[in-house]
Amino acid sequence: MTGTNREFVHTIVVTRQVTEDTLEDDPFVMDFLEVSSETVKGEGKIRISHELSEGEKLGTSNRKVRVKKCLNSLGIPCNLDDVPNIAILGAGGGLRAMIALHGTLQELQNHGLLDTIMYLCGVSGSTWCMSSLYKNGDWTEKLQTLEESMCARLSKYTWSVPKATKMLLEAAKDENYSLTEFWAYTVVYGMLHELDKGHLSEQQSASENGNNPYPIYAAVDERSFSKVTEYSPATWFEFTPHEASFLGYGASVPMEYFGSEYKNGELKEQKEEKSMSYLQGLWGSAIGSKTENEKVIKDIFFGFFKGEKESHSPSKESCPEGIVKGFPVPTIEPEAGDMEGSLQSDPAGASPGGFSPDTKNKSITENIKGGVGSVVDFARMWQKTTHGLLTWKWGTNNNFLYKCSAFDSTELVKDKVISLVDAGIAINCAFPLVLRPERKVKLILSFDYGPFEPFKALKQTAKYCKENCIPFPEIDEKLLQEPDNPSDCYIFRGEGAPTVMHFPLFNRVNCPAYVTEWRIRFTMLRFLYHVGDITKLLQSARLNVLNNKDKILQEIKYIVAHSSKEASS
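This one's a predicted model, so the numbers in the text were calculated from it and none came from an experiment. (Residues numbered from 1 in each chain as written. Predicted model: local features only at pLDDT ≥ 70, side-chain atom pairs only at ≥ 80, totals over all residues. Heavy atoms only, no water.)

(A) The arrangement of the overall build of the protein in detail. Summing up its helical and strand segments, the protein has 19 helices and 16 strands in all. Pairs at least 24 apart in sequence give 74% of the contacts found in the protein among residues at least 6 apart. About 22700 Å² of surface is accessible on the protein, with carbon and sulfur atoms providing 50% of the total. (Helix = DSSP H or I, 4+ residues; strand = E, 2+ residues; numbered from the N terminus. Contact = heavy atoms within 4.5 Å. Areas by Shrake-Rupley, 256 points an atom, 1.4 Å probe, with all protein chains shown as cover.)

Next up, the structure:
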């Protein structure tokens, strides 16, 4: 595409937005939506501005038309200008967050509420759910089918060592290899049973077409976090299908160029865009404490090279144990139709746990180094992973603000690389990202799936907002007296601030007398779920929506009415 044509299409994108009349069956609109994502790629230029990206403006503008139609159907008529921006926040929590967010979204859809949502923002395990959904341009219309697929995938008992090793050996060739790659291609892959080589920028169409809420994925800059804590915007980093951005600096780079090498704002070397599997590892890199994470990595890492002495057959009532207790069993057997490796249990004739008689108890190097990589490749991966364990090196990526003259006063520009990690180590619900004033969020539905007491993220956010002069409703401590036996919904309102509705996953309404037991049973460090427990988690999450759908609708009505009054006064 020539420069002139690119500029022409860019003008179309900005000016030809979807309206109610053109939303359905307009060939021009469909063609326009197909080309729109291409125009926001640019040439890898860094953008210094707190304004939203052109891609996000387009996506939210198109989404607003759909939200208005939904509100009309719910008996809440309003002008397009009065349509409120409503955000869902999915907290971190490993697989239980991934599963629970799916249940939450489906129940909102069942009651006609999902199309009122403008933003969907996730931390850690919730990002795993989001990244899977947004591979489908119309995922909001096929949640039941996608849920069945998720249940079948997550309840598998094996993961493919050759497939993981191939990804690891290739990743170790990069100078910025860190523990994130190892975590992504072993631990996260072992839990999700999927290696996704796609890219976040490929979600642009699904985020622009107006069919789905606009997605935001949270991370934090570990170095800033260690210096200025979670209460500084400088700590926070966000990913969207269009851009990767430092929240505190208003600095962004097109998603396709995240990880490329920059100096003083100029692109020096373009790198291949990070895969979705890598990003899933980055976003979900803190499902346990440092000690717990370190043990998991060491057990898997050394298990690779030693060979596993025992494995266990799958059971309907309990999960098998692989290299790590409770972790899916590694296998070197190929999956039918997949020459790269297995994602499922072995056919009849294989030994228990997935190892065939002639390969069980052999080390990874004995089994597959001839077909997957050379001795040099294995040595490189071994050395870099060992170094990562010694230095605890995570999420290393080229810093696109390196020696950027626009930020001479900050230490950030001195670092050639940055270290991005799971936002759950800061605030386990990404309030700072949806509280950006440019996003104009009026109602926040906060679904807490985390391992901590269910009000921790609320209290942290209140402090974050106070220190940064950001409007946020007052959190009445009197309402938060029973963290071990919470209610299923808490509502906080404030003048000039967004309304916050907070939903603890396990509570005295959806699992009376079992709150503590279920928190333990569905711990973040649980790596494998059988179908029965997936169903229980989905049901718990759905009940929180079902039992409070009228409250959600009431808050939306109040916000719309209040906005209309302000507009007329």
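(B) Structural detail: unusual backbone geometry. Positive phi outside glycine occurs at Cys469, with the angle close to 55 degrees. In this structure, Cys469 sits in the loop between helix 16 (456–467) and strand 15 (490–492). Classification of Cys469 by relative accessible area gives exposed; the value is 74%. Here Ala513, not a glycine, exhibits a phi torsion of approximately 75 degrees, which is positive. Structurally, the position occupied by Ala513 is in the loop between strand 16 (499–504) and helix 17 (515–521). (Buried < 20%, exposed > 50% of the residue type's maximum accessible area, 1.4 Å probe, protein only.)

(C) Seen up close, empty space enclosed by the protein. Counted by the stated rule, this structure contains 3 cavities of 30 Å³ or more. Here the second largest cavity is characterised by a volume of approximately 70 Å³. Residue lining of the second largest cavity: Arg96, Asp448, Tyr449, Gly450, Phe452, Pro454, Pro504, Leu505, Phe506 and Arg519, and that is the complete set. When its residues are assigned to classes, the lining of the second largest cavity shows 6 nonpolar, 1 polar and 3 charged. (1 Å grid on protein atoms, 1.4 Å probe; cavity = no way out; pocket = protein on both sides within 12 Å on 5 of 7 lines; lining within 4 Å. Points joined across faces, edges and corners; volume = space filled by probe spheres on them. Nonpolar A, V, L, I, M, F, W, Y, C, P; charged D, E, K, R; others polar.)

(D) Structural detail: the packing of aromatic side chains. Tallied over the full model, the rule gives 21 aromatic pairs. Ring centres of Phe237 and Phe239 lie 5.1 Å apart, and the angle between their planes is 55 degrees; on these two criteria the pair is classed as tilted. The two residues Phe237 and Phe239 agree in class, both being buried. Relative to Trp283, the ring of Phe239 lies with its centre 5.8 Å away and its plane at 65 degrees, an arrangement referred to as edge-to-face. Taken together, the residues span a long stretch of sequence, with Phe239 in strand 6 (residues 236–239) and Trp283 in helix 11 (residues 276–283) at a distance of 44 residues. Of the two residues examined, Phe239 and Trp283, each falls in the buried class. Aromatic ring contacts, followed pair by pair, group Tyr217, Phe237, Phe239, Phe246, Tyr249, Phe258, Trp283, Phe400 and Phe407 into a single cluster. In this structure, Lys274 is placed above the aromatic ring of Tyr278, and the distance from its NZ or CZ to the ring centre is 4.7 Å. (Phe/Tyr/Trp six-rings, centres within 6.5 Å; stacked < 30°, edge-to-face > 60°. Lys NZ or Arg CZ within 6 Å of the ring centre and 35° of its normal.)

(E) A look at the environment of Ala218. Here Ala218 shows up in strand 5 (residues 214–221). Distance in space between the C-alpha atoms of Ala218 and Thr240 is 9.0 Å, their sequence separation being 22 residues. When residues no more than four places from it in sequence are discounted, the contact partners of Ala218 are Gly122, Val123, Trp236, Phe237, Trp283, Ala423, Ala430 and Leu433.

(F) How the structure looks around the pairing of strand 13 (residues 417–422). Most of strand 13 sits inside the fold, with 6 of its 6 residues counted as buried. When strand 5 meets strand 13, the two strands line up antiparallel, connected through 3 bridges. Bridged to Asp221 within strand 13 is Leu420. Relative to strand 13, strand 12 (residues 396–398) runs antiparallel, the two sharing 3 bridges. In the sheet register, Asn397 faces strand 13, and the bridge partner there is Ile418. (Pairing = 2+ DSSP bridges.)

(G) Here's a closer look at the side chain of Lys274. Residue placement: Lys274 occurs in the loop between strand 10 (266–269) and helix 11. Apart from the residues within four sequence positions on either side, Lys274 is in contact with Glu181, Gly198, His199, Phe258, Leu279 and Asn397.

(H) Seen up close, the pairing of strand 7 (residues 243–246). Burial along strand 7 is two-sided: Glu243 and Ser245 and Ala244 and Phe246, pointing in opposite directions, are all buried. Relative to strand 7, strand 6 is paired through 3 bridges, and the arrangement is antiparallel. Counted as the bridge partner of Phe239 is Ala244 from strand 7. Hairpin geometry of strand 6 and strand 7 is characterised by an intervening segment of 3 residues between the two adjacent antiparallel strands. Strand direction decides the pairing type here: strand 7 and strand 8 (residues 251–254), joined by 4 bridges, are antiparallel. Counted as the bridge partner of Ser245 is Ser252 from strand 8.

(I) Structural view of helix 3 (residues 54–73). For helix 3, spanning 20 residues, the distance from its first C-alpha to its last is 29 Å, which sits close to the expected 28 Å at 1.5 Å a residue. Counting buried residues in helix 3 gives 14 out of 20 residues, a clear majority hidden from the surface. Just beyond helix 3, the residue with positive phi is Gly75, at close to 80 degrees. (Expected span 1.5 Å × (residues − 1).)

(J) Spotlight on the nonpolar core. Ranked by size, the top nonpolar core spans 154 residues in total, and within it Trp236, Phe237, Phe239 and Leu445 carry the most contacts. It is helix 8 (residues 179–192) that contributes the most residues to this core, 10 residues altogether. For Phe239, the contacting residues outside a window of four places in its chain are Leu200, Pro215, Ile216, Tyr217, Ala219, Ala244, Met255, Phe258, Leu279, Leu282, Trp283 and Leu420. (Core = buried A, V, L, I, M, F, W, Y, C linked by side-chain atoms within 4.5 Å.)

(K) Just the packing of helix 5 (residues 125–133) against helix 11, in detail. At their nearest, the axes of helix 5 and helix 11 sit 8 Å apart, and the two run at 160 degrees to each other. Judged on the interaxial angle alone, helix 11 and helix 5 are roughly antiparallel. Handedness of the crossing formed by helix 5 with helix 11: right-handed. Mapping the contact onto sequence places Thr127, Trp128 and Ser131 in helix 5 and Met276, Gln280 and Trp283 in helix 11. Across the contact of helix 5 with helix 11, the residue classes break down as 3 nonpolar, 3 polar and no charged. (Axes fitted to C-alpha atoms, helices over the stretch in contact; angles between N-to-C directions. Parallel < 35°, antiparallel > 145°, perpendicular 65-115°, else oblique. Left-handed = near helix turned anticlockwise from the far one by under 90°.)

(L) Region of interest: helix 7 (residues 161–171). Of all 11 residues making up helix 7, 9 are buried, and the element is well covered by its neighbours. Taken as a whole, helix 7 has its buried residues at Val161, Pro162, Lys163, Ala164, Thr165, Met167, Leu168, Leu169 and Ala171. The N-cap of helix 7, judged by a side-chain oxygen 3.2 Å from the amide nitrogen of Lys163 a few residues on, is Ser160. (Polar contact = N/O pair within 3.5 Å; in protein donor to acceptor, adjacent residues only side chain to side chain.)

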